[in-house]
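The residues making up each chain are set out below.
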Amino acid sequence: MALKIMILGANGFIGSALTGAILERRSGWEVYGIDLSDNKLGDLPKNDRFHFVEGDITINREWVEYHVKKCDVVVPLVAIANPAQYVTHPLRVFELDFEANVEVVRHCVKYGKRLLFPSTSEIYGMSPDSVLDEETSPLVYGPINKQRWIYAACKQLLDRVIYAYGVRDNLDYTLFRPFNFIGPNLDNPEEPKEGSSRVFTQFLSNVLYRRPIKLVDGGSQKRSFTYIDDAIECLLTIIENQDGRASRRIFNIGNPGNCISIRDLAQRTIRIAQEFPVLRENARAIEIVDVSAGEYYGKYYQDIQVRIPNIEAARRDLGWAPSTDMDTAIRRTIDFYVKQEGFGGRVAALTAI
Ligand code: UGA
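Report on the accompanying structure.

Scoring rules and cut-offs
Residues numbered from 1 in each chain as written. Predicted model: local features only at pLDDT ≥ 70, side-chain atom pairs only at ≥ 80, totals over all residues. Heavy atoms only, no water. Phe/Tyr/Trp six-rings, centres within 6.5 Å; stacked < 30°, edge-to-face > 60°. Buried < 20%, exposed > 50% of the residue type's maximum accessible area, 1.4 Å probe, protein only. Lys NZ or Arg CZ within 6 Å of the ring centre and 35° of its normal. Near = heavy atom within 4 Å. Polar contact = N/O pair within 3.5 Å; in protein donor to acceptor, adjacent residues only side chain to side chain. Areas by Shrake-Rupley, 256 points an atom, 1.4 Å probe, with all protein chains shown as cover. Helix = DSSP H or I, 4+ residues; strand = E, 2+ residues; numbered from the N terminus. Expected span 1.5 Å × (residues − 1). Contact = heavy atoms within 4.5 Å. Pairing = 2+ DSSP bridges. Right-handed = clockwise from strand over helix to strand, strands pointing away.

1. Description of the packing of aromatic side chains
(1) Moving on: This model, assessed by the stated rule, comprises 8 aromatic pairs.
(2) Moving on: Pairing Y141 with W149 gives two aromatic rings, centres 5.6 Å apart and planes at 10°, and the pair type is stacked.
(3) Moving on: Given the relative accessible area of 22%, Y141 is considered partly exposed.
(4) Moving on: Connected via pairs of aromatic rings, a cluster forms that spans Y296, Y297 and Y301.
(5) Moving on: Stacked on the ring of W29, the Lys or Arg R26 has its end atom at 5.5 Å from the ring centre.
(6) Moving on: Positioned above the aromatic ring of Y209 is the side chain of R211, whose terminal nitrogen or guanidinium carbon lies 4.3 Å from the ring centre.

2. Observations regarding the site of the ligand
(1) Moving on: With respect to spatial proximity, 26 residues lie near the ligand, and among them Y86, S121, E122, N180 and D303 are the closest.
(2) Moving on: At a separation of 2.8 Å, an oxygen atom of the ligand approaches a polar backbone atom of A81.
(3) Moving on: Between an oxygen atom of the ligand and a side-chain N or O atom of R223, the distance comes to 2.7 Å.
(4) Moving on: Relative to its free-state accessible area of 720 Å², the ligand is covered by the protein chains to the extent of 97%.
(5) Moving on: Within the residue set of the shell around the ligand, elements represented by two or more residues are α3 (83-88), α6 (199-209), β8 (213-216) and α10 (293-297).

3. As for helix α5 (residues 150-169)
(1) Moving on: Compared with an ideal rise of 1.5 Å per residue, which puts 20 residues at 28 Å, α5 spans 28 Å between its outermost C-alpha atoms and is within 8% of the ideal.
(2) Moving on: Of the residues making up α5, those classed as buried are Y151, A152, C154, K155, Q156, L158, D159, V161, I162, Y165 and G166.
(3) Moving on: Contacts made by the buried residues of α5 are with α3, α4 (90-111), β5 (114-118) and β6 (173-178).
(4) Moving on: One or two steps after α5, the chain reaches N170, where phi turns positive at roughly 65°.

4. Focus: the pairing of strand β1 (residues 3-8)
Every other side chain in a regular strand lies on the same face of the sheet, so the side chains alternate between the two faces.
(1) Moving on: Where burial is concerned, most of β1 is hidden: 5 out of the 6 residues are buried.
(2) Moving on: Of the strand pairs in this sheet, β1 and strand β2 (residues 29-35) are connected by 6 bridges, and their pairing is parallel. Among the inter-strand pairings, K4 is bridged to a residue of β2, identified as E30.
(3) Moving on: With helix α1 (residues 13-25) bridging β1 and its parallel neighbour β2, the resulting β-α-β unit is right-handed.
(4) Moving on: When β1 meets strand β4 (residues 73-76), the two strands line up parallel, connected through 4 bridges. Bridge pairing links I5 to V73 in β4.

Now the structure itself:
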């Protein structure tokens, strides 16, 4: 099956991994990608099945519309997805995550294209359900003065808009809900500003800089961490969409077997980093300290205590299940960074900062 796939945000964490997997494992498929830069793409732009342009989807709007028209499947992955930014730049989240994306959704409706849209695990908010289900779990957010929820609210409204286009106009879509995907290229561990990465990369970064790991409100909150390769496997099956099995459906993509506390994540990261000689000394020296959410994120933050996906729908209808356990996910990611050219020298320099 030959498919033309458009990936907006092809240089992002999910976008770059998905592009790489398509080019490597689906010989008939072509990717049309756009992003602000290409630093996560390595040699991929040299592949003649990858048509990449550097650009901003909010500026290069004609390019976007033209390529929606030209492609078979549209995967809009451009969004701010970092809680630190929901509380500092909530309107940017609205403008990019909602406004820019709703335009792409409308192009898909106009040209009758299949849309693969990233919803989020955050959509469940503080849902009382112990296991979160796509069809039945309530979506529960805090008050308006807790600006953290603007991201979940944007994504929720997009899910509802897409669903409504499915009902009214027969839009062919799949909504997928990532549960804390982790792996190489999730944020940048060498980024000097603390708090600019999601937790997994932040903790790796603390090891590189030999800075104390900070547990927000004690670190007893839990997440179900999902290794990126498992997630990509699921996305490839959704894009393939054999017999329309993923059409007009919502799928949680997560690993309930990797539901651990943030404190546990910190301890595992420190332990596994010590397996790598270049990080051993730093990892041994790392302290774990507690900070309040107010100190770390400010007054607009509110947290989610436990987040476990029900993945029965993906298991039953896509034949998918995650297979990478927590320690393997951490080890593979550290291994990826350790193998980067000049890593040892950079760590030595960062540690000295
Ligand atoms: C994430 C982000 O909203 C998105 O990436 C995404 O939509 C979704 O959830 C997902 O990936 O499933 P969250 O899990 O809260 O939200 O994001 P992190 O920044 O990774 O934080 C996880 C937990 O670690 C939070 O409880 C946070 O308070 C804590 N944390 C973070 C620390 O204890 N210390 C830190 O240094 C950083």
